[in-house]
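Single-letter residue listing:
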Amino acid sequence: MPVSEFAYKESPETLVLFDVDGTLTPARLTVSDEVRDTLAQLRKKVCIGFVGGSDLSKQLEQLGPNVLNEFDYAFSENGLTAYRLGEELASQSFINWLGEEKYNKLAAFILKYLGNMELPKRRGTFLEFRNGMINVSPIGRNASTEERNEFERFDKEHQVRAKFVEALKKEFPDLGLTYSIGGQISFDVFPSGWDKTYCLKHVADDGFKEIHFFGDKTSVGGNDYEIYEDPRTIGHSVQTPNDTVRILRELFQL
Ligand SMILES: [Mg+2]
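Residues numbered from 1 in each chain as written. Predicted model: local features only at pLDDT ≥ 70, side-chain atom pairs only at ≥ 80, totals over all residues. Heavy atoms only, no water.

A. Quick look at the overall build of the protein chain. Helix and strand counts for the protein chain come out as ten helices and eleven strands. With respect to the principal axes defined by its C-alpha atoms, the protein chain has extents near 60 × 35 × 30 Å. Buried residues in the protein chain amount to 47% of all 254 residues. Accessible surface for the protein chain amounts to roughly 13100 Å². Of this, 48% is attributable to carbon and sulfur atoms. One way to put it: in the protein chain the 30 positive side-chain charges average out to a point 4 Å from where the 40 negative ones average out. (Helix = DSSP H or I, 4+ residues; strand = E, 2+ residues; numbered from the N terminus. Buried < 20%, exposed > 50% of the residue type's maximum accessible area, 1.4 Å probe, protein only. Areas by Shrake-Rupley, 256 points an atom, 1.4 Å probe, with all protein chains shown as cover. Lys, Arg positive; Asp, Glu negative; His and termini not counted. Charge placed at Lys NZ, Arg CZ, Asp CG, Glu CD.)

Set out below in structure tokens:
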């Protein structure tokens, strides 16, 4: 093992990773003093990191502006953006991974399909290009709350999103993409394997003997499921940040 910057810790070969929303903070809210204090104590004993689906700016809002110095590892967008001891590691994006040519074909198919759908209403922003994925919405992301509710009812009856996803799978069987229907009006398209397990490649070189993971959406279909079930981690399922604190105190004698 190389000389480790983590050698000062009691158990430098143990890493504890945390989901953000629902695990370290209440959903979409900010971290409490109790959670921060517990993490500061924990960091003296083991390595700690967070892994969330949001981008870094959202995580800075939730966990505090100094968060890159308070965690050994920080993973945004499931690890597409990654920091180790405050320094950025290699980042990845959807377009780099897929390449312009394949993405162009995919986008052209989506736009054509959108135009041929029978829909009661259309608004704007039907295809949103993001760093780690694309988001496709038949009614468009500019729809108002009422229009979103209307579309959701229409989709329940006519299954337009499910049929769209089936058409994409049939047209592009070899692209290695995963489709996730979530929320009211859209679905996400991203490379298979770009769930939270993606971040584990960034910690492989540090040779941890034990990697714990804490998350609140650990059942099938939840965004913590894959990393929680992964053989490389010891999974802990929590309902709230209070649960997280309680388990940490027991497990690491804080
Ligand atoms: Mg969560």
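B. View of the UniProt feature "active site" (unreviewed entry) in the protein chain. Within this structure's numbering, the places UniProt gives as "active site" (unreviewed entry) are Asp19 and Asp21. If you trace the backbone, Asp19 turns up in the loop between strand 1 (14-18) and helix 1 (33-45). Within the structure, the side chain of Asp19 is placed 2.8 Å from the side chain of Thr23, a separation counted as a polar contact. Position of Asp21 relative to the elements: it lies in the loop between strand 1 and helix 1. Not counting the four nearest positions on each side in its chain, Asp21 is found in contact with Pro26, Ala27, Arg28, Gln62 and Asp216. (UniProt positions renumbered as here; feature names shortened; annotations may be inferred. Polar contact = N/O pair within 3.5 Å; in protein donor to acceptor, adjacent residues only side chain to side chain. Contact = heavy atoms within 4.5 Å.)

C. Highlighting the domain arrangement of the protein chain. When cut into domains, the protein chain gives domain 1 (14-80 + 195-252) and domain 2 (94-191). For domain 1 and domain 2, the distance between their C-alpha centroids amounts to 30 Å. (Domains from an automatic or database assignment.)

D. Fine view of the coordination of the magnesium ion. Coordination of the magnesium ion by the protein is provided by Asp19 (OD), Asp21 (O) and Asp216 (OD), with metal-donor distances spanning 2.1 to 2.2 Å. The sequence pattern formed by the donor residues of the magnesium ion is D-x1-D-x194-D. Highlighted residues: Asp19 in the loop between strand 1 and helix 1 and Asp216 in the loop between strand 10 (210-215) and helix 9 (225-229), separated in sequence by 197 residues. Summarising the burial analysis for this pair, Asp19 and Asp216 share the class buried. (Donors = N, O, S within 2.8 Å, 3.2 Å for Na, K, Ca; no water.)

E. Local environment of unusual backbone geometry. Even without being a glycine, Leu85 presents a positive backbone phi close to 50°. Examined against the element boundaries, Leu85 turns out to sit in the loop between strand 4 (81-84) and strand 5 (87-88).

F. Quick peek at the pattern of salt bridges. Applying the stated rule across the entire model yields 21 salt bridges. Close ionic contact of Arg84 with Asp206 constitutes a salt bridge, the shortest N to O distance being 2.9 Å. In this pair, Arg84 sits in strand 4 while Asp206 sits in the loop between helix 8 (200-203) and strand 10, placing the two residues 122 residues apart along the sequence. For the pair Arg84 and Asp206, a shared accessibility class is recorded, and that class is buried. Across the pair Asp216 and Lys217 runs a salt bridge, and its minimum N-O distance is 3.2 Å. On the accessibility criterion, Asp216 (19% relative accessible area) is buried. Where salt bridges share partners, they join Glu5, Arg84 and Asp206 into one cluster. (Salt bridge = Lys/Arg side-chain N within 4 Å of Asp/Glu carboxyl O.)

G. The sheet that holds strand 4, seen in detail. Spatial strand order, 5-4-3-2-1-10-11: seven strands in an open sheet with mixed pairing. Either end of the sheet is taken by a strand with one partner, and the two such strands are strand 5 and strand 11 (234-237). Relative to strand 5, strand 4 is paired through two bridges, and the arrangement is antiparallel. Counterpart to Arg84 in the pairing with strand 5 is Glu87. Its contacts with the sheet place helix 2 (residues 56-63) against strand 2 (47-51), strand 3 (73-76) and strand 4, and it is angled at close to 125° to strand 3. (Pairing = 2+ DSSP bridges. Axes fitted to C-alpha atoms, helices over the stretch in contact; angles between N-to-C directions.)

H. Layout of the environment of Ala143. Tracing the backbone through its elements, the reader meets Ala143 in the loop between strand 7 (134-136) and helix 6 (145-158). It is 5.8 Å that separates the C-alpha atoms of Ala143 and Arg123, two residues lying 20 residues apart in sequence. Residues contacting Ala143, with those up to four places away along its chain left out, are Arg123 and Arg148.

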